[in-house]
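The primary structure of each chain is shown beneath.
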Amino acid sequence: MQLLTFVTRMGLSRHLLGLLLALAATPAAWAQSTPCPVKVGGILPLTGSMAPITKKIAQAAELAIEHVNQGGGVKGCPVQFILRDDQGQPTVGVDAAKYLVDVERVQAFTGTISSGVTGPIISAVTAPSKVVQISCCSSASAFTDGRSAGYFFRTLPTSKTQAYATASEVSRRGMKRLAVIYVNTDFGTDMLRFYRGAHKKLGGEILTEVAYNDNQPSYRAEVTRALASKPEALLLIGFPKDAVTIIREWLSQGGPRKVALNNSMRTMDFVNGVGAQFVEDFFGMDNAQEPGPHVDAFNDAFQKKWNTDSKGPGVHTQYDAVMVMALAMNIAKDLSGPSIREAVRRVHTPGGTPVGTGPAEFKKAIELIRAGKPIKYFGATGPIEFDANGDVSGPALVWKITGGQIVTDRTIGLTDMQALARLVEE
Amino acid sequence: MGLASYLVFFACVVLVLCILTMGLNLQWGFTGLFNAGVAGFYAIGGYTHAILTAAPSPQLMGNYGLPWLVGIIAAMLVTAVAALVVGLITIRLRGDYLAIATFGIGIMIQLVSLNLESWTGGSQGITRIPKPLSTWFEGSLAYNLFYLVFMVVVVVLVYWALERILSSPWGRVLRAIREDEMAASSLGKSPLSYRLQSFVLGSTLMGLAGALYVTFIGFVSPFDFLPILTFQVWAMLIVGGSGNNRGAMLGALVVWSIWAASGVAVSKWVPPSHAAQGAAIQVILIGLTLVLMLLFKPRGLLGERAVVSRHLVY
Amino acid sequence: MIVQAIVDGIFTGAIVSLGAIGLSLTLQIMRFANFAHAEFMTIGAYLALAAVGLMGPGAPSLGLSFGWQLLVAACLAASLAGVLSWGLDLVVFRPLRRSGAAPLVLVFAAFGAALVLRHVLVLIWGHDSYFYTRELQLGVMIVPGVRVLPDQVFILALAIFLVTLLHLYLTHHRTGIAMRAMAESPSLSQVCGIEVDRVMKTTWIISGFMAAMAGVFSGLTPQLHPELGSNMLLSIFAAAIFGGVGSLPGAVLGGLLVGIAENLFLLVADPGYKPAMPFLLLLGVLWLRPQGILGEKTS
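Residues numbered from 1 in each chain as written. Chains lettered and ligands numbered in written order. Predicted model: local features only at pLDDT ≥ 70, side-chain atom pairs only at ≥ 80, totals over all residues. Heavy atoms only, no water.

(A) Quick peek at the overall build of chain A. Within chain A one finds 15 helices and 15 strands. Burial analysis of chain A (426 residues in total) assigns 62% to the buried set. Contacts in chain A between residues at least 24 apart in sequence constitute 72% of all its contacts with a sequence separation of at least 6. Of the roughly 15,100 Å² of accessible surface on chain A, 54% is carried by carbon and sulfur atoms. (Helix = DSSP H or I, 4+ residues; strand = E, 2+ residues; numbered from the N terminus. Buried < 20%, exposed > 50% of the residue type's maximum accessible area, 1.4 Å probe, protein only. Contact = heavy atoms within 4.5 Å. Areas by Shrake-Rupley, 256 points an atom, 1.4 Å probe, with all protein chains shown as cover.)

(B) Examining the interface of chain B and chain C more closely. Across the contact, 37 residues belong to chain B and 39 residues belong to chain C. Summed over both sides, the interface of chain B with chain C buries roughly 3,600 Å², with 86% coming from carbon and sulfur. Taken together, chain B and chain C are joined by zero salt bridges. Our count for the contact surface shared by chain B and chain C stands at zero residue pairs in polar contact (both at pLDDT 80 or more). Broken down by secondary-structure element, the contributors of at least two residues to the side of chain B that touches chain C are α3 (68-90), α4 (95-115), α10 (227-240) and α12 (275-296) of chain B. Across the side of chain B that touches chain C, the residue classes break down as 29 nonpolar, six polar and two charged. (Buried area = accessible area lost by both parts, 1.4 Å probe. Salt bridge = Lys/Arg side-chain N within 4 Å of Asp/Glu carboxyl O. Polar contact = N/O pair within 3.5 Å; in protein donor to acceptor, adjacent residues only side chain to side chain. Nonpolar A, V, L, I, M, F, W, Y, C, P; charged D, E, K, R; others polar.)

(C) Structural context of the nonpolar core. Judged by nonpolar contacts, the single largest core of 229 residues is most densely connected at Leu212(B), Tyr132(C) and Phe217(C). Ranked by residues supplied to this core, first place goes to helix α1 (residues 2-28) of chain B with 17 residues. For this core, the two domains that each supply at least three residues are domain 1 (15-225) and domain 2 (226-308) of chain B. Beyond its immediate sequence surroundings of up to four residues, Phe217(C) is in contact with Ile15(C), Phe66(C), Leu71(C), Ala74(C), Phe154(C), Ile155(C) and Leu158(C). The next biggest cluster of nonpolar side chains, apart from the first, holds 124 residues, and it includes Val38(A), Phe187(A), Ile366(A) and Ala421(A). (Core = buried A, V, L, I, M, F, W, Y, C linked by side-chain atoms within 4.5 Å. Domains from an automatic or database assignment.)

(D) Representation of a nonpolar patch on the surface. A cluster of nonpolar side chains, namely Val81(B), Val85(B), Ile89(B), Trp287(C) and Leu288(C), defines an oily patch on the protein surface of about 520 Å² accessible area. Those elements that provide at least two residues to the nonpolar patch are α3 of chain B together with α11 (277-288) of chain C. For the nonpolar patch, the element with the highest residue contribution is α3(B), accounting for three residues. On the secondary structure map, Val85(B) appears in helix α3. For Val85(B), a relative accessible area of 46% corresponds to the partly exposed category. (Patch = residues over 30% accessible without salt bridge, like charges linked within 9 Å, V, L, I, M, F, W, Y side chains within 5 Å.)

(E) Highlighting the sheet that holds strand β12 (residues 375-379) of chain A. Residues and elements named next belong to chain A. Pairing in this open sheet of three strands is mixed, and the strands run β11-β12-β13 from one edge to the other. Pairing within the sheet leaves two strands with one partner each, and these edge strands are β11 (353-355) and β13 (382-383). Here β12 pairs with β13 via two bridges, running antiparallel. By the bridge assignment, Phe378 is partnered in β13 with Pro383. (Pairing = 2+ DSSP bridges.)

(F) Spatial organisation of the interface of chain B and chain A. If you look at the interface, chain B gives 51 residues, while chain A gives 49 residues. In total, about 4,000 Å² of surface goes out of reach between chain B and chain A, with carbon and sulfur atoms giving 60% of it. Of the charged contacts in the structure, one is a salt bridge between Lys268(B) and Glu104(A), with a shortest N-O distance of 2.9 Å. Counting across the chain B and chain A interface gives twelve residue pairs in polar contact (both at pLDDT 80 or more). Elements with a contribution of two residues or more to the side of chain B that touches chain A: α1, α4, α6 (140-167), α9 (191-217), α10, α11 (245-269) and α12 of chain B.

(G) Main features of the confidence of the model for chain A. Residues and elements named next belong to chain A. For chain A, per-residue confidence averages 83 on the pLDDT scale, and 89% of positions sit at 70 or higher. Confidence, expressed as mean pLDDT per element, reaches its minimum in chain A at helix α1 (residues 2-10) with 43 and its maximum at strand β8 (residues 233-237) with 95. Across residues 1-32, confidence stays below pLDDT 50; counting only partners more than four residues off in sequence or on other chains, it has eight contacts. (pLDDT = per-residue confidence, 0-100.)

(H) Representation of the sheet that holds strand β6 (residues 177-183) of chain A. Residue and element names in this part refer to chain A. The strand order β7-β6-β8-β9-β10-β14-β15 describes an open sheet built from seven strands, whose pairing is mixed. Every other strand in the sheet has two partners, leaving β7 (205-212) and β15 (405-412) as the edge strands with one partner each. Recorded for the sheet is a direction-independent mean angle of 25° between the axes of neighbouring strands. Bridge count for strand β10 (residues 283-287) against strand β14 (residues 396-402) is five bridges, and the pairing is antiparallel. Bridging from a neighbouring strand, Phe283 pairs with Lys400 of β14. Of the strands in this sheet, β6 and β7 touch helix α8 (residues 220-228), which is tilted by about 170° from β7. Taken strand by strand, helix α9 (residues 240-252) contacts β6, β7, β8 and β9 (259-261), and its axis lies near 165° from that of β8. (Axes fitted to C-alpha atoms, helices over the stretch in contact; angles between N-to-C directions.)

(I) Up close: the environment of Leu166(C). Residue and element names in this part refer to chain C. With respect to the element layout, Leu166 can be found in helix α5 (residues 150-172). Separated by 97 residues in the primary sequence, Leu166 and Gln69 place their C-alpha atoms 23 Å from one another. Those residues in contact with Leu166 that sit more than four places away from it in its chain are Ile21, Ile206, Met210 and Leu248.

(J) Structural context of the environment of Ser148(A). Structurally, Ser148(A) is set in the loop between β4 (132-135) and β5 (152-154). Separated by 241 residues in sequence, Ser148(A) and Asn389(A) have C-alpha atoms that sit 9.6 Å apart.

(K) Examining the pairing of strand β1 (residues 38-44) of chain A more closely. Residues and elements named next belong to chain A. Most of β1 sits out of view: six of its seven residues are buried. Across seven bridges, β1 lies against strand β2 (residues 79-85) in parallel orientation. Within β2, the residue paired with Val38 across the bridge is Val79. Running through helix α3 (residues 51-70), the crossover from β1 to the neighbouring parallel element β2 is right-handed. Pairing of β1 with strand β3 (residues 108-111), which is carried by four bridges, proceeds in the parallel orientation. Note on β3: the bridge partner recorded for Val40 is Ala108. (Right-handed = clockwise from strand over helix to strand, strands pointing away.)

(L) Looking closely at the confidence of the model for chain C. Residue and element names in this part refer to chain C. For chain C, the average pLDDT comes to 81, and 91% of its residues sit at 70 or higher. At the low end of the mean pLDDT range in chain C sits strand β1 (residues 140-143), at 72; at the high end sits helix α8 (residues 196-218), at 89. Interface confidence for the predicted complex, expressed as ipTM, amounts to 0.88; the pTM equals 0.83.

(M) Just the state of the cysteines, in detail. All names here are of chain A. On inspection of all chains with the given rule, the structure shows two disulfides over all chains. Note that Cys36 is cross-linked by a disulfide to Cys77, the S-S spacing being 1.8 Å. With the S-S dihedral at roughly -65°, the linkage between Cys36 and Cys77 falls on the left-handed side. On the criterion of sequence distance, the pair formed by Cys36 in the loop between α2 (12-25) and β1 and Cys77 in the loop between α3 and β2 is long-range, its members being 41 residues apart. Classification of Cys77 as buried rests on a relative accessible area of 3%. (Disulfide = S-S within 2.5 Å.)

(N) Fine view of the side chain of His348(A). All names here are of chain A. Looking at the secondary structure, you find His348 in the loop between α13 (337-344) and β11. From its side chain, His348 meets the backbone oxygen of Tyr377 in a polar contact 3.3 Å long. Excluding its chain neighbours within four sequence positions, the residues that come into contact with His348 are Ile375, Lys376, Tyr377, Pro383, Ile384 and Glu385.

(O) Region of interest: the packing of helix α1 (residues 2-29) of chain C against α5(C). Residues and elements named next belong to chain C. Relative orientation of the contacting elements α1 and α5 amounts to 35°, with a least axis distance of 9 Å. Both α1 and α5 take part in a crossing whose hand is left-handed. Contact residues: Asp8, Ile10, Phe11, Ala14, Ile15, Leu18 and Ile21 in α1; Gln152, Val153, Ile155, Leu156, Ala159, Leu162, Val163 and Leu166 in α5. (Left-handed = near helix turned anticlockwise from the far one by under 90°.)

(P) A look at the pairing of β3(A). All names here are of chain A. Both faces of β3 are covered, namely the face carrying Ala108 and Thr110 and the face carrying Phe109 and Gly111. Where β3 meets β4, three bridges bridge the pair, whose relative direction is parallel. In the sheet register, Ala108 faces β4, and the bridge partner there is Val132. Handedness of the β-α-β unit built from β3, helix α5 (residues 115-129) and β4 comes out right-handed.

So, in structure tokens, the structure goes:
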């Protein structure tokens with residue numbers, strides 16, 4: 001009674017405030033038994049300038065969820081995937097992340113692509129709320145420098161791998177005097193930064209660097225500028241849609257047909273967009289999907305479900321991001337953030353039993369986990385091993401376009417990549 | 001409770017948007033200035049604060065790690081100066097030309113933030129922006145609650161200050177100029193000077209909002225300031241009712257709620273494989289809502305309190 | 001290098017001009033900045049795509065990358081776009097005007113309409129890349145150091161042709177003359193018995209038609225995508241205002257100058273700032289000579 005009088009005398013709003021503060025101070029009473037279904041979130045730019053490449057990425061995520069559920073789910077529960085659009089706008093993305101974490105109560109989530117959106121999500125949601133976030137595609141090297149308190153991982157190697165591998169191949173083909181046209185985003189500038197050092201170290205010279213903004217109607221001016229220094233070859237860093245425009249300009253203006261590309265261009269959209277007869281012997285890099293049954297299984301499954309090939313930026317890494325989340329959630333002793341975080345690295349334990357992609361392999365993995373045995377996940381991109389920062393390093397592959405088809409030229413294994421890195425950085 | 005935690009967060013964002021919208025309201029609702037470069041002034045405030053207060057980083061020239069309050073005040077000052085410069089260039093322009101010019105300026109500011117990498121971090125942005133009094137609170141919900149209370153105080157202060165200014169002689173002259181410029185100038189009041197003052201004051205509020213937002217999120221990048229933001233703030237003002245500060249705040253709440261809620265709706269009712277089309281429908285619905293609003297309730301939800309004639313002479 | 005930039009500028013400028021014409025007309029006659037104008041470029045491009053899908057682009061002829069079928073498709077698309085443009089006025093802008101809305105409210109409604117139109121296109125066609133034709137043209141060196149594509153020459157010729165047609169219309173046809181009268185003084189024109197509605201209808205249809213033509217041919221070199229029109233919005237505004245609002249030769253001149261300026265700018269400046277270029281130009285014009293080069297000085 002006295003408490004009530006006290007409270008009413010102090011005013012209703014302060015009462016409310018007090019109540020909320022009390023709730024905040026209560027240690028979170030997580031349900032001891034896993035509530036079914038287990039919710040997992042996803043944030044991707046389904047609309048906005050990234051939209052052309054996001055469709056397949058979303059399909060990869062959905063395929064992964066399907067495989068997970070067919071293979072037994074998480075701790076015996078089916079997994080429900082809740083996908084939100086960040087529209088390429090940070091405020092929208094952060095709001096979506098907060099909603100997923102607080103209201104939908106997702107135990108982990110994947111996303112997103114643009115660093116401008118991933119950054120604030122890490123800063124405002126992931127780290128404070130202690131929820132694991134695994135990105136398929138956000139390559140800004142700054143994110144894994146510790147600010148995420150260890151809750152952010154990515155299945156995409158930073159552009160360092162690609163950049164060094166590209167430089168190595170460019171050098172091998174004797175392309176010394178190079179012009180670079182790159183997209184003016186975190187991805188482009190990051191990759192160029194790594195590339196510059198490597199190219200120079202391997203004896204080449206970058207004659208001119210031209211940044212381009214995406215979504216322009218014409219790139220004539222950029223191409224003219226790049227050609228002005230009379231380079232013998234071109235390195236193009238960007239995304240397929242605008243890349244098609246740029247390359248067509250380049251060829252129209254008589255630019256040399258020696259062109260190096262980054263991984264986004266490894267898609268028939270690019271080949272057909274420019275025209276197969278014009279892109280003969282163009283080459284590029286990608287993070288290796290080491291040839292092997294697990295990668296093939298993924299490619300086949302993707303083709304079967306969506307009736308389109310699985311080539312394209314982010315597709316394989318997104319599948320792996322979701323699979324890693326699901327595996328980690330099974331390994332973790334409970335579904336709290338810190339437990340899942342700790343479990344992510346145990347998805348790939350040295351000496352563990354290899355498990356691959358697809359529902360059957362997932363089922364196998366769960367059985368091993370239940371028996372307390374370590375596993376070693378080989379995903380759609382190859383072996384997934386997170387370093388101390390939450391990055392994966394990986395082998396790279398060189399692909400080229402021959403006869404209108406994209407074929408793998410050679411692979412640069414992990415040890416070779418590490419040697420290359422040492423060579424460049426010494 | 002999860003929902004409470006989300007709502008606290010949501011409310012903080014809405015309160016920042018309230019300040020933005022009230023700044024715009026001063027410029028458009030009370031002075032008739034079509035500022036289509038809202039995102040630019042928001043950006044100047046946000047980046048100034050970030051550059052001054054963020055923890056040092058080897059790649060960036062700025063990041064001085066100064067106290068939070070210094071950042072806020074500097075953000076407002078720098079935005080005011082920028083608004084003065086922009087105002088001097090554009091204030092003479094007639095309505096829609098002013099819109100185009102300020103739109104372009106907003107875009108240029110965004111491009112500068114994207115290209116001036118050594119200061120702004122370029123597309124990677126600036127991170128590790130400190131939150132004031134963060135060590136006093138345990139856990140993110142507790143801190144967000146504190147920030148919510150803090151934001152409520154700030155918004156109330158801003159609202160009160162604006163209302164005082166607008167009912168002062170200065171404010172009355174402003175409205176007189178908006179309604180009938182010739183009459184006002186024949187009374188010896190210089191319309192251009194008043195408009196400029198209003199423009200600068202409104203933009204300063206936008207800069208403040210930028211600094212407060214950046215503090216709350218802890219990260220800033222050029223992608224926070226794309227033209228769509230300007231569109232959103234304008235929608236808030238028009239829906240809520242321009243010429244009315246309470247309308248401005250209501251508009252901020254309503255529009256941002258629609259934006260967030262429609263995202264939730266799409267994620268619940270549209271299967272992931274069609275999410276892209278669902279998202280397109282979301283934008284279409286938002287656009288339609290606005291156009292319909294304009295057609296049927298042009299004064300907004302809380303139209304302006306009629307003080308003088310409502311004919312906007314152009 | 002400079003010559004190449006100027007030549008490129010003329011060709012880009014031709015497309016900008018076609019887009020600017022419609023905008024200039026609505027800006028002068030309707031007296032509001034129609035932010036939805038650029039979307040009709042995109043609409044035209046996609047409608048032509050649909051038509052081409054039915055007919056095929058035609059085998060390349062005369063050294064161009066397409067055949068007469070694309071021209072037919074373009075005309076069909078542009079006509080439809082013109083009608084749609086008028087439809088937009090009927091549904092959105094006219095009711096707002098009737099209820100006495102401030103011109104700036106119309107601007108905002110245009111922005112909203114633009115958003116809706118663009119995303120309807122996204123809903124139907126998605127974000128995938130589309131082409132009219134897979135042919136790639138190689139530049140022909142006409143003068144040492146200057147390359148030109150046959151397609152570009154055609155577009156320039158087409159633009160000149162359309163502008164000439166329009167000029168004849170404006171100077172010899174009753175409605176065309178009425179349009180010019182309304183542009184100069186709406187109230188006086190009404191006093192003289194000009195049917196305002198008919199003039200407005202024609203203005204919208206012509207605007208939409210021109211914009212769509214610009215859209216189809218700007219979709220020729222790169223590919224089609226939903227932001228095709230909105231990416232050119234700033235350039236078109238700059239061109240219309242630069243040349244002098246309400247003046248047809250002004251819009252053309254403005255378009256060419258904007259095209260040239262953008263290309264020259266890139267020779268000296270960081271391409272990262274390219275989108276800002278039209279605005280710097282615009283600000284300069286508004287500051288120094290707000291009526292544009294060929295416009296009439298209004299108080």
